[in-house]
Amino acid sequence: MFCKKCGAETTDDSAFCPKCGQILNDTKQQLNSNEKVQGGMQLLVMIASIILIIVGAVSFIGTCS
Ligand SMILES: [Zn+2]
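Not measured: the values here are computed from a predicted model.

**Student:** Tell me about the overall build of the protein chain, residues and numbers included.
**Tutor:** A tally of helices and strands in the protein chain yields one helix and zero strands. The buried share of the protein chain, reckoned over its 65 residues, is 2%. Partitioning the intrachain contacts of the protein chain with sequence separation of at least 6 by distance along the chain shows that 3% fall at a separation of at least 24.

Set out below in C-alpha cells:
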C-alpha cells in the first residue's frame, strides 16, 4: 500500500509511513475485519454446540425407548 500523505510505498502491516510518519488508517479496518471473523467463529461454535445438544438429546431418547 501507499502513504496517503506523501505517496511513499509502505508495508501492509506498518502503522506509520516510514518516510513522513503519517498514521496509516488501514490498521483500524483490519481490526474491524478481525472482529467480524471472531464474531463469525463464535456463531459457528454456537451452531455446532446446538447441533451437538440436539444430536445428544435424540440419541438419549433413542436409547430410552
Ligand atoms: Zn508518507
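**Student:** Run through the environment of A8, naming residues and quoting values.
**Tutor:** Tracing the sequence through the fold places A8 in the segment before α1 (26–64). Given 12 C-beta atoms within a 10 Å radius, A8 is considered exposed. Through-space distance from the C-alpha of A8 to that of P18 is 8.0 Å; in sequence the pair is 10 residues apart. Residues in contact with A8, not counting those within four places in the same chain, are F2, C3, C17, P18, K19 and C20.

Reading the values: the criteria
- Residues numbered from 1 in each chain as written.
- Predicted model: local features only at pLDDT ≥ 70, side-chain atom pairs only at ≥ 80, totals over all residues.
- Helix = DSSP H or I, 4+ residues; strand = E, 2+ residues; numbered from the N terminus.
- Buried ≥ 20, exposed ≤ 12 C-beta atoms within 10 Å, placed from the backbone.
- Contact = placed C-beta atoms within 7 Å.

The quantities given are spatial measurements derived from coordinates; they are silent on function.
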